[in-house]
Amino acid sequence: MELYLDTSDVVAVRRLAEIFPLAGVTTNPSIIASGKRPLKVVLPELQQALGGKGRLFAQVMARDAEQMVEEARKLRAIIPDLVVKVPVTAQGLAAIKLLKQQGIPTLGTAVYGAAQGLLAALAGAEYIAPYVNRIDAQGGNGIQTVKELQQLLTLHAPETKVLAASFKTPRQALDCLLTGCESITLPLDVAEQMIATPAVSAAVEKFEQDWLAAFGAPGF
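Since we're looking at a predicted model, the values are computed, not measured.

Calculation rules
Residues numbered from 1 in each chain as written. Predicted model: local features only at pLDDT ≥ 70, side-chain atom pairs only at ≥ 80, totals over all residues. Heavy atoms only, no water. Buried < 20%, exposed > 50% of the residue type's maximum accessible area, 1.4 Å probe, protein only. Helix = DSSP H or I, 4+ residues; strand = E, 2+ residues; numbered from the N terminus. Pairing = 2+ DSSP bridges. Right-handed = clockwise from strand over helix to strand, strands pointing away. Axes fitted to C-alpha atoms, helices over the stretch in contact; angles between N-to-C directions.

I keep staring at the pairing of strand β4 (residues 83-87) and nothing clicks. Help me out?
Looking along a regular strand, one sees the side chains alternate between the two faces of the sheet. The element β4 is extensively covered by neighbouring structure, given that five of its five residues are classed as buried. Side chains V83, K85 and P87 project from β4 onto one buried face, and the interleaved V84 and V86 project onto a second face that is buried too. Direction of pairing for strand β3 (residues 55-59) relative to β4: parallel, over a ladder of three bridges. Within β4, the position partnered with A58 by the bridge is V84. In this fold, the crossover linking β3 to β4 by way of helix α4 (residues 65-78) has right-handed handedness. Taken together, the four bridges between β4 and strand β5 (residues 106-111) define a ladder with parallel strand orientation. Paired with K85 across the strands is L107, a residue of β5.

Listed below in structure tokens is the structure:
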């Protein structure tokens, strides 16, 4: 199982990399734009925040397949082992095929249906990113889409992994993992929720109070 953070916040990545067993960091154009810092600056900093380990993901902006390929090359010039995110449009599928031929790993992103994801996998994508919460917001079933996609990949493209994205709650992420999904990427707020449970804090506080009442000082 691979766990990623979906962010461009270098400070947060450095902090959470000490806590979580991170496989890397994913970004997208909106995330990068929100930080108002260019990819050529952010990506090396994210790599350093991960301790030089883990995979980074960045997305092309072009709409045409040939331009997508050109942008992919530019992204890989910043981080040589970067995984290039390509929206699964008609031109995106063509770009994924071309990038596969050139040995450049891709993630098929903006996936809203299992069939769409399967096509990207068959085109050569290494990862497929279904948008769980956005599917729910459009009246679909994000978890069911992940389950169907995972089944399709197991049957027809076993070398490709689901990397589920777009979460609003830890429960959504957990449900994806229970379907057999091999990878997830979490926004910072959802990642924080996973380790900030009020009941746990209350239990630890009670342990400390009881210890101090009995022994008068912390420690053994």
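When you look at the sheet that holds strand β2 (residues 24-26) in this model, what are you seeing that I'm missing?
Note: strands within a sheet are paired through backbone hydrogen bonds, in either parallel or antiparallel orientation. Ordered in space as β1-β2-β3-β4-β5-β6-β7-β8, the eight strands form a closed barrel in which the pairing is parallel. Strand after strand, the sheet turns through a mean of 25° between neighbouring axes, direction not considered.

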